[in-house]
Amino acid sequence: MAERVETESRKLLGRLRDAMAGEDTGQARLDKITHLIATSIGSEVCSIYLFRDEDTLELCATEGLNPEAVHQTRMRLGEGLVGKVARRRRVVNTANAPQERGFRFMPETGEEVFSSFMGVPILRLGDTLGVLVVQSKEAREFSADEVYALEVVAMVLAEMAELGAFVGDGSAMEARHSQPAMLRGTVAQEGVAEGHIWLHEPRVVVSNPIADDPHRELERLTEAVEELRVGVDKMLALASVDKEQAEVLEAYKMFANSKGWMRRMEEDISRGLSAEAAVEKEQSLARARMGQATDSYLRERLSDLDDLSNRLLRILTGQGTDTGAEMPANPILVARNIGPAELLDYGRSLKGIILEAGSVGSHAAIVARALAIPLIVHAERATLEALNGDHVMVDGEQGIVHLRPDDTVVTAFRDKMAMQAAAVERYVSIRDKPAETLCGSVVGLHMNAGLMADLPSLEGSGAEGVGLFRTELQFLVRNKMPTRSELSALYARVLDAAGGKTVVFRTLDIGSDKVLPYMKPNDEPNPALGWRAIRVGLDKPGVLRMQLQALIRAANGRPLTIMFPFVAQYEEYTQAKAEMDKALDRERRLGHVVPETVEVGAMLETPSLAFAPQKFFEEVGFLSIGGNDLKQFFFAADRENERVRRRYDTLNVSFLSFIERIVERCELTGTSLSFCGEDAGRPVEALCLSAIGLRKLSMRPASIGPVKSLLRRSNLEDVRKVIMDARHRGDMNVRPAIMEYLRNQG
Ligand code: PEP
Ligand code: MG
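Each value, and the rule that gives it
Residues numbered from 1 in each chain as written. Chains lettered and ligands numbered in written order. Predicted model: local features only at pLDDT ≥ 70, side-chain atom pairs only at ≥ 80, totals over all residues. Heavy atoms only, no water. Domains from an automatic or database assignment. Contact = heavy atoms within 4.5 Å. Buried area = accessible area lost by both parts, 1.4 Å probe. Salt bridge = Lys/Arg side-chain N within 4 Å of Asp/Glu carboxyl O. Pairing = 2+ DSSP bridges. Helix = DSSP H or I, 4+ residues; strand = E, 2+ residues; numbered from the N terminus. Axes fitted to C-alpha atoms, helices over the stretch in contact; angles between N-to-C directions. Donors = N, O, S within 2.8 Å, 3.2 Å for Na, K, Ca; no water. Buried < 20%, exposed > 50% of the residue type's maximum accessible area, 1.4 Å probe, protein only. Core = buried A, V, L, I, M, F, W, Y, C linked by side-chain atoms within 4.5 Å. Polar contact = N/O pair within 3.5 Å; in protein donor to acceptor, adjacent residues only side chain to side chain. Disulfide = S-S within 2.5 Å. Expected span 1.5 Å × (residues − 1). Near = heavy atom within 4 Å. Areas by Shrake-Rupley, 256 points an atom, 1.4 Å probe, with all protein chains shown as cover.

What follows concerns the domain arrangement of the protein. Taken domain by domain, the protein holds domain 1 (2-162), domain 2 (181-202 + 323-408), domain 3 (214-317) and domain 4 (435-744). With four residues of domain 2 in contact, the opposing surface of domain 3 contributes five residues. Interface of domain 2 and domain 3: buried area, both sides summed, is about 330 Å²; carbon and sulfur atoms make up 22% of it. It is Glu201, Pro202 and Arg336 that lose the most area in domain 2 upon contact with domain 3, and together they represent 84% of the buried surface on that side. Counting the contacts that link domain 2 with domain 3 gives zero salt bridges.

Within the open sheet, the six strands sit side by side as S3-S2-S1-S6-S5-S4. Their pairing is antiparallel. Looking at the sheet topology across the chains shown, the edges are occupied by strand S3 (74-76) and strand S4 (92-94). Taking the axes of each pair of neighbouring strands and ignoring which way they run, one obtains an average angle of 25° across the sheet. The pairing of strand S2 (residues 56-63) with S3 spans three bridges and is classified as antiparallel. Paired with Leu57 across the two strands is Met75, which belongs to S3.

Topologically, Phe611 is positioned in the loop between helix H21 (607-610) and helix H22 (614-619). Between the alpha carbons of Phe611 and Leu384 there is a distance of 52 Å; along the sequence they are 227 residues apart. In contact with Phe611, not counting residues within four places along its chain, are Phe658, Arg661 and Arg665.

Glancing now at the sheet that holds strand S14 (residues 400-403). Across the sheet, which stays open at both edges, the eight strands sit in the order S7-S14-S13-S9-S10-S11-S12-S8 with mixed pairing between neighbours. The open sheet is flanked by strand S7 (181-184) and strand S8 (186-189), the only strands paired with a single partner. This sheet shows a mean twist of 30° between the axes of neighbouring strands, independent of strand direction. Sheet topology places strand S9 (residues 192-199) next to strand S10 (residues 331-335); four bridges connect them, and they run parallel. Each residue of the ladder has a partner; that of Leu199, found in S10, is Val334. Helix-sheet contacts for helix H14 (residues 407-429) involve S9, strand S13 (391-395) and S14, and the interaxial angle to S13 is about 50°.

Once that is clear, we can look at the coordination of the magnesium ion (ligand 2). On the protein side, the magnesium ion (ligand 2) has Glu605 (OE) and Asp629 (OD) as donor atoms, found 2.0 to 2.1 Å from it. In this pair, Glu605 is assigned in the loop between strand S20 (598-604) and H21 and Asp629 in helix H23 (residues 627-634), connecting sequence segments 24 residues apart. Glu605 gets classed as buried once you look at its relative accessible area, which sits at 2%. The exposure class of Asp629 is buried, given its relative accessible area of 3%.

Moving on to the nonpolar core. In terms of nonpolar packing, the biggest core is built from 119 residues, with Phe505, Phe564, Phe616, Leu623, Ile659 and Leu697 touching the most fellow members. Split by domain, this core shows at least three residues from each of two domains, domain 2 (181-202 + 323-408) and domain 4 (435-744). With near-sequence residues (within four places) excluded, Leu697 lies in contact with Val443, Gly444, Leu445, His446, Phe675, Ala680, Ala686, Leu689 and Ser690. Membership of the second largest hydrophobic core comes to 40 residues, among which are Leu50, Cys60, Val120 and Phe166.

Our focus in this paragraph is the side chain of Gln549. Mapped onto the elements of the fold, Gln549 is located in helix H19 (residues 541-555). For Gln549, a relative accessible area of 6% translates into the label buried. Within polar-contact distance, the side chain of Gln549 engages the side chain of Arg484 at 2.9 Å. Discounting residues that sit within four places of it in the chain, Gln549 has contacts with Arg484, Arg586, Glu587 and Leu590.

Before going further, it helps to examine the pattern of salt bridges. Evaluation of the coordinates by the stated rule reveals 47 salt bridges. We note a salt bridge from Arg532 to Asp629, for which the minimum N-O separation is 3.1 Å. Pair noted here: Arg532 is in the loop between strand S18 (503-506) and helix H18 (534-539) and Asp629 is in helix H23, with a separation of 97 residues, a long-range link. In this structure Arg532 comes out as buried when scored by relative accessible area, which is 2%. Residues joined in a network through salt bridges with shared partners are Glu472, Arg506, Asp509, Arg532, Asp629 and Arg639.

The subject of this paragraph is the side chain of Thr128. Position of Thr128 relative to the elements: it lies in strand S6 (residues 127-136). The class of Thr128 is buried, set by a relative accessible area of 10%.

On to the environment of Arg661. Tracing the backbone through its elements, the reader meets Arg661 in helix H25 (residues 653-669). C-alpha separation for the pair Arg661 and Ser703, spaced 42 residues apart in sequence, amounts to 26 Å.

This next bit is on the state of the cysteines. In this structure the tally under the stated criterion is zero disulfides. Distance from the sulfur of Cys439, which forms no disulfide, to the nearest cysteine sulfur (Cys688) is 13 Å.

On to the pairing of S9. Along a regular strand, successive side chains alternate from one face of the sheet to the other. For S9, the tally of buried residues reaches seven of eight residues, placing the bulk of the element in the interior. Bridge analysis of S9 against S13 gives five bridges, and the strand direction is antiparallel. Within S13, the residue paired with Ala193 across the bridge is Val394.

This part takes up helix H6 (residues 214-237). Under the 1.5 Å per step criterion, the end-to-end length of H6 is 34 Å for 24 residues, consistent within 8% with the ideal 34 Å. Within H6, the full set of buried residues consists of Pro214, Glu217, Arg220, Leu221, Ala224, Val225, Leu228 and Val232.

Here the focus is the site of ligand 1. Neighbouring ligand 1 are 14 residues, the closest being Arg470, Arg506, Glu605, Asn628 and Arg639. Between Arg470 and ligand 1, the recorded distance is 2.8 Å, taken from a side-chain N or O atom to an oxygen atom. Asn628 is positioned such that a nitrogen or oxygen atom in its backbone is 2.7 Å from an oxygen atom of ligand 1. Protein burial of ligand 1: of its 280 Å² of free accessible surface, 98% is covered by the chains. Going through the elements one at a time, strand S17 (466-470) and H23 are the ones with two or more residues in the shell around ligand 1.

Take the environment of Cys439 next. Tracing the sequence through the fold places Cys439 in the loop between strand S15 (435-436) and strand S16 (442-449). A C-alpha to C-alpha distance of 9.3 Å links Cys439 and Arg712, two positions 273 residues apart in sequence. Setting aside residues no more than four positions away along its own chain, Cys439 makes contact with Ser714, Asn715, Leu716 and Glu717.

What follows is the structure, encoded as structure tokens:
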């Protein structure tokens with residue numbers, strides 16, 4: 001019996017392939033297919049519905065329904081049984097369709113006479129392309145074999161659609177990948193960019209979904225799985241694999257040995273699919289489940305399975321990640337996710353980055369920020385929608401990706417870019433002028449950096465110096481700890497490039513979200529509050545000492561400025577400072593030149609330090625407010641958590657009052673104070689910070705122009721008055737009042 005079913009299924013696929021082979025138009029092919037399926041299954045009706053746009057399905061071919069309804073009947077996602085199949089991405093199989101929940105009567109198709117209904121989603125890698133339906137008058141449920149057969153056919157249809165078999169006739173299929181699409185995501189690095197898509201991992205193309213010889217295909221699958229297993233075992237055996245990676249590999253191994261996975265693929269092959277089509281069918285189903293899984297563990301495992309399927313597909317098709325395609329001009333990278341080192345390899349050649357996964361605080365985001373490349377994360381479906389070379393516009397202010405934009409979007413977007421370019425021109429004209437306000441205050445504007453590649457911006461942006469050099473990037477992008485001499489050479493180059501301007505080197509700030517790939521990860525329940533930054537430096541001083549030594553040697557007699565991150569109490573500063581003093585002594589004893597002057601400061605990133613004893617303020621060389629961390633601890637709102645991170649505004653009266661208190665304490669002791677969190681680079685925030693007394697701000701290089709421009713046109717005394725008034729009125733937030741003031745100022 002099973003053999004007969006398999007033979008039938010193979011026969012149907014064989015006929016489908018023949019139907020595809022001719023010179024027909026896309027429509028003629030679809031018509032032939034519906035006819036073949038109806039005949040083979042013995043149903044009166046077979047129809048193909050395809051997506052016209054994100055939520056409209058269109059009847060594109062039918063055998064048995066009114067032919068006039070083709071391209072006329074449309075339904076929204078979720079509407080009727082067809083819409084239900086598409087939304088749920090699951091089969092609906094019923095003997096009594098009119099009784100089924102969600103049934104919608106469509107008189108134009110003449111379908112009221114059909115009692116049985118089976119709809120199968122046409123899936124391709126998590127993407128639902130449409131729905132394949134069979135209906136019959138006789139009230140019967142279709143058998144499991146028939147369902148399976150239709151799923152296999154749906155898979156082949158999806159594959160053929162991807163190969164463009166149905167285009168050329170104005171049908172819905174033609175619209176796929178040629179229509180504009182808008183994707184929403186989260187901004188991880190601001191900026192706008194226009195360019196062409198470059199897929200980090202080009203998708204595997206299966207050009208032969210149907211195969212004649214199941215034995216040969218089974219052999220191919222078995223060989224490929226074996227190769228995959230050996231590969232995973234080898235990776236596991238590598239000593240350098242850390243715990244987390246090992247867990248993923250173990251999961252791989254589990255799947256690679258999974259009987260269920262193999263059995264289903266073998267069954268698909270026996271029904272006429274090629275080995276790669278069988279892998280892809282499983283992958284599609286896993287992705288459909290992934291989209292619905294709410295359990296994070298399950299989602300991760302399904303995602304592992306997805307990666308594994310990709311590897312298997314590459315083995316089977318021989319298609320590597322390098323397809324020989326040439327990177328387009330102004331490339332905008334699209335990937336599910338990317339590591340920091342890979343991103344650095346692309347470097348500044350990229351104009352923008354779009355990730356399906358990723359997070360605002362990921363290492364990739366840190367690199368993108370350092371390179372000042374607009375980055376959108378959580379852009380769902382990006383790798384499905386985008387094709388290499390597609391025209392794309394990235395709005396890294398709104399978090400929107402316009403894929404294959406139409407003319408109106410292009411015009412509006414280019415206007416926006418032109419306005420920004422004009423503003424940049426204006427900034428160039430004030431580049432060498434100070435950020436002097438109308439009331440005569442001067443605010444020092446410095447830049448944040450983290451890579452050697454940032455340094456050219458020092459000249460162009462008009463920054464007075466580097467107010468924050470994040471040193472962790474050199475540690476994050478390698479797969480082993482950098483050596484002292486490597487670091488020293490790099491820091492020396494940074495100082496050379498700064499050409500005498502001050503560079504504030506922040507010592508290693510790891511832990512929390514920044515985990516070094518070669519360090520044993522600590523299982524901490526609350527990493528942001530855990531063993532991080534200076535806490536690591538003081539508990540295990542080896543790396544801190546090495547870094548301090550490298551910095552002293554890099555200075556080679558020149559002035560040196562360093563600061564310690566995440567100091568929460570006075571003692572941590574004195575201990576860290578003592579390490580610096582010891583390092584200086586040691587270098588002196590070894591006969592090395594020591595810096596001409598040494599400034600040692602601390603970052604104020606926890607509320608506790610604002611209340612440190614007066615002695616601390618007197619002793620510390622300078623303070624820099626790390627607003628990103630300080631704000632998250634002030635409001636107890638994780639800076640990485642999308643749900644809460646935008647809930648609290650920097651211009652909230654409580655937070656501003658708190659910053660003001662820090663300013664007052666520093667004024668009392670004459671302690672130099674700066675602000676180096678992201679807010680320093682937002683013009684309105686920068687204006688308010690200046691109004692409450694900050695005289696040094698450090699920000700992304702691209703922000704210096706806009707911030708300077710606003711400061712030069714503002715009167716800080718007036719702004720201060722607006723803030724005070726808002727506070728006295730009892731406003732929760734000063735932003736509305738400030739915005740109104742700015743509007744009135746024009
Ligand atoms: C901050 O916390 O504001 C800061 C500048 O440090 P980082 O963003 O690197 O934690
Ligand atoms: Mg910080």
